[in-house]
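A structural walkthrough
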Amino acid sequence: MIRALIAALLVLLLGSAARAERLIVSVSNHRVTVTPNYSGEELVLFGSVEKDASTPADRAAYDLVVTVIGPRADMVTRRKERTFGIWINTDYRQFLQVPSYLALFANRPFDQITSPEIARRQQIGLNNVRLMQRVSGDYADVVPNDAFRSAFIRLRTQRGLYREDASAVTFLTPTLFRTGIPLPAEVPIGTYEVEIKLFANGAFIGKTETAFEIVKVGFEQFVATSARQNGLIYGLATAAMALMTGWMASIVFRKD
Amino acid sequence: MQLYLPIADLPVNVFLVLAMGAAVGFVSGMFGIGGGFLMTPLLIFIGITPAVAVASVASHIAASSFSGAISYWRRRAIDPALATVLLCGGVTGTALGVWTFTQLRALGQLDLMIALSYVVLLTTVGSLMFSEGLRALMRTRRGTVPPRRTHNWIHGLPLKMRFKRSKIYLSVIPVVIVGVVIGFIGAIMGIGGGFILVPIMIYLLRVPTSTVIGTSMILTLVTMLVATMLHAVTNHLVDAVLALILMVGGVTGAQFGARAGQRIRGEQLRLLLGLLILSVGIRFAVELVIRPEDLFTIRELGVNG
């Protein structure tokens with residue numbers, strides 16, 4: 001698989017037309033099928049930085065940041081507080097259209113790649129990713145150390161759905177790179193966007209995008225889909241199943 | 001063997017869930033109850049969200065009460081008229097319960113309300129049952145006959161109706177009210193309510209013991225079927241895979257439980273049941289008071305529900 005990819009990349013490299021630095025990337029699988037016994041997988045992203053005549057000669061080393069963004073969804077983060085001696089959800093924040101899966105990978109620590117200013121603009125690092133919140137009618141992203149924002153990132157990270165790794169991208173040659181994209185067992189289904197941003201000497205010099213899709217197959221997914229889309233039929237089927245089981249039991253265990 | 005539960009969104013060990021179903025089934029067969037008040041907490045304990053647990057257990061209780069109801073029907077131990085009046089209230093109560101459930105879930109207070117209801121209901125019923133069982137046990141030791149009360153204020157209410165098979169003449173008002181209450185708490189807490197309904201019917205409505213369990217099973221069966229339907233249509237929280245495993249374990253365990261129950265005396269059985277109910281209630285109370293491991297929780301509202 002990997003060898004085939006490298007071969008494909010080389011063909012691409014040889015045949016492409018020159019136009020400043022160009023990023024050429026490919027993921028090992030554009031369609032991941034999650035079966036009932038799926039227990040996590042790792043996709044591989046391969047790519048190459050292509051130079052041409054207009055590339056400044058002093059550009060020897062490149063830095064890369066890979067961002068993987070899963071399907072977006074609205075989420076609510078709630079905080080418990082002690083009220084009358086018991087723990088109750090008191091305050092909440094709504095996060096609007098935030099990624100259900102988010103991974104940021106780089107070849108070295110984010111703060112060494114570029115300045116804080118550019119990192120913020122290019123959303124480099126979990127602290128700089130924009131997570132829109134609705135706070136009583138206002139729409140805003142808040143400071144990185146906001147209690148709800150950091151709790152949100154912490155809980156998503158615990159489930160393996162948000163991650164950042166500043167050593168995940170490895171350069172095989174000065175221009176050829178690869179990184180693994182771990183997908184845990186509970187990955188949300190949908191389309192995943194991958195953004196690859198190229199930096200040189202702290203400056204942002206270009207980006208490219210690719211995507212892959214995660215689909216679930218099998219009986220479980222059929223059950224989940226019908227529960228959401230045909231609630232009435234699903235309910236009737238479950239009720240009928242209950243009656244059947246009860247009836248069967250009364251036959252099997254009939255005493256007289 | 002791991003199996004992925006589609007609605008609970010969680011991989012579980014099939015044999016663990018099967019064993020839980022069988023254990024609860026055993027207890028429910030022994031005491032002649034649905035066992036929802038044990039099943040729902042156990043599911044919450046293994047990491048299933050309270051909302052999914054409550055909705056899925058409803059269908060599990062429907063299955064076990066249906067197999068019970070069939071055998072009581074054969075023995076003519078069900079009062080159809082009384083069951084019909086109870087159901088008028090029961091179905092209304094269930095619908096109200098599912099509606100309240102949805103509202104509480106939107107407010108983010110559902111888990112708290114489920115826990116609070118368990119604490120209040122189970123500690124009250126448990127301690128009443130325990131003390132009553134203790135008194136009955138003392139009486140049999142001393143050999144005295146319990147004082148038999150004949151009528152109470154409930155029998156003075158209007159709209160009286162004759163329930164032939166139970167041989168009682170009773171106002172429909174308290175019967176309907178009992179139905180509403182049981183249906184309502186059943187839908188919110190994921191319990192059949194048999195363990196509250198049977199004592200109420202015996203002590204308050206004076207339904208004879210010959211028809212009380214069979215009739216209460218009909219109410220449990222229908223309210224739980226309605227609850228399953230409504231939870232599936234409104235909240236999409238019924239996990240059919242989970243429910244099926246529970247049912248299979250539950251109905252099997254119940255058969256053995258019923259046999260074990262016949263060897264224990266009635267007073268001791270009530271004492272044990274009271275203790276069991278009380279301890280589940282206390283467990284919920286402790287959970288509410290101690291500081292949770294994480295003060296924050298996330299709920300996804302979007303694409304993946």
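Residues numbered from 1 in each chain as written. Chains lettered and ligands numbered in written order. Predicted model: local features only at pLDDT ≥ 70, side-chain atom pairs only at ≥ 80, totals over all residues.

Before going further, it helps to spend a moment on the overall build of chain A. Each helix and strand in chain A was counted, giving 6 helices and 14 strands. Looking at chain A as a whole, 32% of its 256 residues qualify as buried. When contacts within chain A are restricted to residue pairs at least 6 apart in sequence, those whose partners lie at least 24 apart make up 66%. (Helix = DSSP H or I, 4+ residues; strand = E, 2+ residues; numbered from the N terminus. Buried ≥ 20, exposed ≤ 12 C-beta atoms within 10 Å, placed from the backbone. Contact = placed C-beta atoms within 7 Å.)

On to the overall build of chain B, then. Helices and strands together make up the secondary structure of chain B, namely 10 helices and 5 strands. Each principal axis of the C-alpha atoms in chain B carries an extent, and together these give about 60 × 40 × 40 Å. Per-residue burial for chain B yields a buried fraction of 51% across its 305 residues. The long-range fraction of contacts in chain B, counting pairs at least 24 apart against all pairs at least 6 apart in sequence, stands at 81%.

Looking now at the sheet that holds strand 11 (residues 170-171) of chain A. Where strands meet in a sheet, backbone hydrogen bonds hold them as pairs that are either parallel or antiparallel. All names here are of chain A. The strand order 1-3-12-11 describes an open sheet built from 4 strands, whose pairing is antiparallel. With partners counted over all chains shown, the strands left at the sheet margins are strand 1 (22-27) and strand 11, one partner each. The sheet contact formed by strand 11 and strand 12 (residues 176-183) spans 2 bridges and is antiparallel. Within the sheet, the bridge partner assigned to Phe 171 lies in strand 12 and is Phe 177. (Pairing = 2+ DSSP bridges.)

So, on to the interface of chain A and chain B. At the interface, 47 residues of chain A touch 46 residues of chain B. Mapped onto the side of chain A that touches chain B, the elements with two or more residues apiece are strand 5 (72-83), strand 6 (86-99), helix 4 (147-158), helix 5 (219-229) and helix 6 (231-252) of chain A. Here the element with the most residues in the side of chain A that touches chain B is helix 6 of chain A; it accounts for 15 residues. Tallied by class, residues from the side of chain A that touches chain B come to 27 nonpolar, 12 polar and 8 charged. Note that strand 5 of chain A and strand 5 (residues 296-300) of chain B share 5 bridges and pair antiparallel. (Nonpolar A, V, L, I, M, F, W, Y, C, P; charged D, E, K, R; others polar.)

Attention now moves to the UniProt feature "transmembrane region" (unreviewed entry) in chain B. In this structure's numbering, the residues bearing the UniProt feature "transmembrane region" (unreviewed entry) are residues 12-38, 44-69, 81-101, 113-131, 168-198, 210-230, 237-257 and 269-290 of chain B. Annotated as residues 81-101 of chain B, this span is 100% helix and 0% strand, and its ends, taken at the C-alpha atoms, are 30 Å apart. (UniProt positions renumbered as here; feature names shortened; annotations may be inferred.)

A few words now on the nonpolar core. Ranked by size, the top nonpolar core spans 107 residues in total, and within it Ala 62, Tyr 118 and Leu 221 of chain B carry the most contacts. Here the element with the most residues in this core is helix 8 (residues 209-234) of chain B; it accounts for 14 residues. Those residues in contact with Ala 62 of chain B, other than ones at most four positions away along the chain, are Ala 239 and Ala 242 of chain A together with Leu 221, Met 224, Leu 225 and Thr 228 of chain B. (Core = buried A, V, L, I, M, F, W, Y, C linked by C-beta atoms within 7 Å.)

With that settled, the discussion passes to unusual backbone geometry. Even without being glycine, Gln 97 of chain A reaches a positive phi, approximately 45°. Mapped onto the secondary structure, Gln 97 of chain A falls in strand 6. The phi torsion at Arg 206 of chain B lies on the positive side, around 60°, for a residue other than glycine. Position of Arg 206 of chain B relative to the elements: it lies in the loop between helix 7 (194-204) and helix 8.

This part is about the environment of Ile 214 of chain A. All names here are of chain A. Looking at where Ile 214 falls in the secondary structure, it is placed in strand 14 (residues 203-216). Exposure remark for Ile 214: the 22 C-beta atoms within 10 Å place this residue in the buried category. Those residues in contact with Ile 214 that lie beyond four places of it in its chain are Val 32, Val 34, Val 187, Ile 189, Gly 190 and Tyr 192.

Let us look at the pairing of strand 7 (residues 102-106) of chain A. All names here are of chain A. Extensive coverage of strand 7 is indicated by the burial of 5 of its 5 residues. What you see with strand 7 is no split at all: Leu 102, Leu 104 and Ala 106 on one side and Ala 103 and Phe 105 on the other are buried throughout. The sheet contact formed by strand 4 (residues 63-69) and strand 7 spans 5 bridges and is antiparallel. In the strand pairing of strand 7, Val 65 is matched with Ala 106. In the sheet, strand 7 pairs with strand 10 (residues 162-165) via 4 bridges, with the strands oriented parallel. Its bridge partner lying in strand 10, Ala 103 is registered against Arg 163.

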